[in-house]
Amino acid sequence: MRVSPGNTAHLVFTTIAAQTREQVLDLADRYRDARGFERTLTLAWTHAQVQLHHLGIGPDEAQLFQRLANAVIYPEVSLRAASDQLGRANVDIATLWALGISGDLPIILAIIDNEDDVETIRQLLRAHEYWRMKQLSADLVIVNEKPPSYNQDFQGSLDALVHGSQLRLSPDLGNTRGRIFLIRGDLITPQTRSQLQNVARVLILGRRGTLSEQMDVRRPNFASPP
């Protein structure tokens, strides 16, 4: 394509994949017209808006969940456990089996010990629903570290949040998997807690602020979480 000085040209470039040559040719014929591309783009945008409305997610939050998904797929040092924690013990996935966690999927670990930080858990539950809808399989593990003497009501609130999210999960999403685990910190061993931190692709601590704040701050990775 040649574009003369001062002029503007619009180019639609489509990459197509299919199981057979005939399917590829059929798709190529369907999308060779720029108007077909515009129709597909409009339908995709409309479908995405319906999905966000269904989940109660706004565009800004969807973008935040996409950024977090990127860290799940391509781990970022600043969002993982501290380097001294990662170097403290060898990874032993079998330690997690007693919790029902297979270790086959990426793990997002959230640690909370205060009711004031529960909104971060709500966001992570919405993120998990969003990822499943987008065909991203991951396990969300929530550890309640509130002291046992103050734990009953708080654990009940977290149970209700997790149960509500599990009820909304669509069972018919093809091969998409990923579960939510709510664990009481006083019922796991230090070894299990250490293994969870070692294998987690993303570590979120409630006391460090909102999910957005933790994503925006590139904390140094040289000390264990306080």
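Being a predicted model, the structure only gives us computed values, none of them experimental.

Novice: Would you mind going over the packing of aromatic side chains with me for this structure?
Specialist: One pair of aromatic rings is described through two measures. These are the centre distance and the angle between the planes. According to the stated counting rule, one finds 1 aromatic pair in the structure shown. A cation over an aromatic ring shows up here: Lys146 above the ring of Phe154, its NZ or CZ 5.8 Å from the ring centre.

Novice: Can you help me understand helix H3 (residues 59-73) in this one?
Specialist: The periodicity of an α-helix, 3.6 residues per turn, causes residues three or four places apart in sequence to face the same way. Across its 15 residues, H3 extends 21 Å between first and last C-alpha, which sits within 8% of the 21 Å expected from 1.5 Å per residue. Turning to H3, its buried residues number three or more, namely Glu61, Ala62, Leu64, Phe65, Leu68, Ala69, Ala71 and Val72. In the core, the buried residues of H3 are packed alongside helix H2 (34-55), strand S1 (107-112), helix H6 (118-133), strand S4 (202-205) and helix H9 (211-216).

Novice: Any chance you could explain the environment of Gln135 here in plain terms?
Specialist: With respect to the element layout, Gln135 can be found in the loop between H6 and strand S2 (139-144). Taking the C-alpha atoms as reference points, Gln135 and Gly178, separated by 43 residues in sequence, lie 9.9 Å from one another.

Novice: Please clarify how the packing of H2 against H6 should be interpreted in this entry.
Specialist: Each pair of packed helices gets described by two things: the angle between the helix axes and the distance between those axes. It is the contact of H2 with H6, at a shortest axis distance of 11 Å, that shows an interaxial angle of 150 degrees. Regarding the angle of H2 to H6, the classification is roughly antiparallel. Where H2 crosses over H6, the handedness of that crossing is right-handed. Contacts from Gln51, Leu52, His54 and Leu55 in H2 reach Arg126, Glu129, Tyr130 and Met133 in H6. Residues belonging to the contact of H2 with H6 are distributed by class as follows: 4 nonpolar, 2 polar and 2 charged.

Novice: Just checking my understanding: could you explain unusual backbone geometry for this structure?
Specialist: When glycine is set aside, most residues are seen to have a negative phi, and most peptide bonds are trans. Positive phi values are uncommon outside glycine, yet Gln135 reaches one of about 70 degrees. Exposure remark for Gln135: the relative accessible area of 46% places this residue in the partly exposed category.

Novice: Just to check I follow, could you spell out the sheet that holds strand S3 (residues 180-184) for this structure?
Specialist: Hydrogen bonds between backbone groups are what pair the strands of a sheet, and the pairing can be parallel or antiparallel. What the 4 strands build is an open sheet, ordered S3-S2-S1-S4; its pairing is parallel. For this open sheet the edge positions go to S3 and S4, each flanked by a neighbour on one side alone. Within the sheet, the average angular offset between the axes of one strand and its neighbour, ignoring direction, is 15 degrees. Judged from the 6 bridges that link them, S1 and S2 form a sheet pairing that is parallel. Its bridge partner being in S2, Leu109 is matched across the sheet by Val141. Relative to the sheet, H6 contacts S1, S2, S3 and S4, its axis offset from that of S1 by approximately 165 degrees.

Novice: Sorry if this is basic, but what is going on with the pattern of salt bridges here?
Specialist: Side chains that differ in sign of charge can pair as their charged atoms come close. Scanning the model with the defined rule gives 9 salt bridges in all. The closest approach of N and O atoms between Arg126 and Glu61, which form a salt bridge, is 2.7 Å. Of this pair, Arg126 sits in helix H6 while Glu61 sits in helix H3; the two residues are 65 residues apart in sequence, bridging distant segments of the chain. Across the pair Arg67 and Asp216 runs a salt bridge, and its minimum N-O distance is 3.0 Å. Here Asp216 lies in helix H9 and Arg67 lies in helix H3, a separation of 149 residues in the sequence. Overlapping salt bridges bring together Glu61, Glu119, Arg122 and Arg126 as one network.

Novice: Explain the packing of H3 against H6 to me, please; I cannot follow it from the model alone.
Specialist: At a minimum axis separation of 10 Å, H3 and H6 run at an interaxial angle of 75 degrees. Between H3 and H6, the interaxial angle falls into the category roughly perpendicular. In this structure, H3 uses Glu61, Ala62, Leu64, Phe65, Gln66, Leu68, Ala69 and Val72 to contact H6, whose residues at the interface are Gln123, Leu124, Arg126, Ala127, Tyr130 and Trp131. Partitioning the contact of H3 with H6 into residue classes produces 10 nonpolar, 2 polar and 2 charged.

Novice: I tried to follow the environment of Ser212 on my own but got confused; where do I start?
Specialist: Inspection of the secondary structure assignment puts Ser212 in helix H9. Separated by 144 residues in the primary sequence, Ser212 and Leu68 have C-alpha atoms spaced 9.4 Å apart.

Novice: For this particular structure, what's the right way to read the pairing of S2?
Specialist: The element S2 is largely enclosed, with a buried count of 6 among its 6 residues. What you see with S2 is no split at all: Asp139, Val141 and Val143 on one side and Leu140, Ile142 and Asn144 on the other are buried throughout. Note that the unit made of S1, H6 and S2 has a crossover that is right-handed. Two elements, S2 and S3, share 5 bridges in a ladder whose sense is parallel. Residue pairing across strands places Ile142 opposite Leu182, the latter belonging to S3.

What counts as what
Residues numbered from 1 in each chain as written. Predicted model: local features only at pLDDT ≥ 70, side-chain atom pairs only at ≥ 80, totals over all residues. Heavy atoms only, no water. Phe/Tyr/Trp six-rings, centres within 6.5 Å; stacked < 30°, edge-to-face > 60°. Lys NZ or Arg CZ within 6 Å of the ring centre and 35° of its normal. Helix = DSSP H or I, 4+ residues; strand = E, 2+ residues; numbered from the N terminus. Expected span 1.5 Å × (residues − 1). Buried < 20%, exposed > 50% of the residue type's maximum accessible area, 1.4 Å probe, protein only. Contact = heavy atoms within 4.5 Å. Axes fitted to C-alpha atoms, helices over the stretch in contact; angles between N-to-C directions. Parallel < 35°, antiparallel > 145°, perpendicular 65-115°, else oblique. Left-handed = near helix turned anticlockwise from the far one by under 90°. Nonpolar A, V, L, I, M, F, W, Y, C, P; charged D, E, K, R; others polar. Pairing = 2+ DSSP bridges. Salt bridge = Lys/Arg side-chain N within 4 Å of Asp/Glu carboxyl O. Right-handed = clockwise from strand over helix to strand, strands pointing away.

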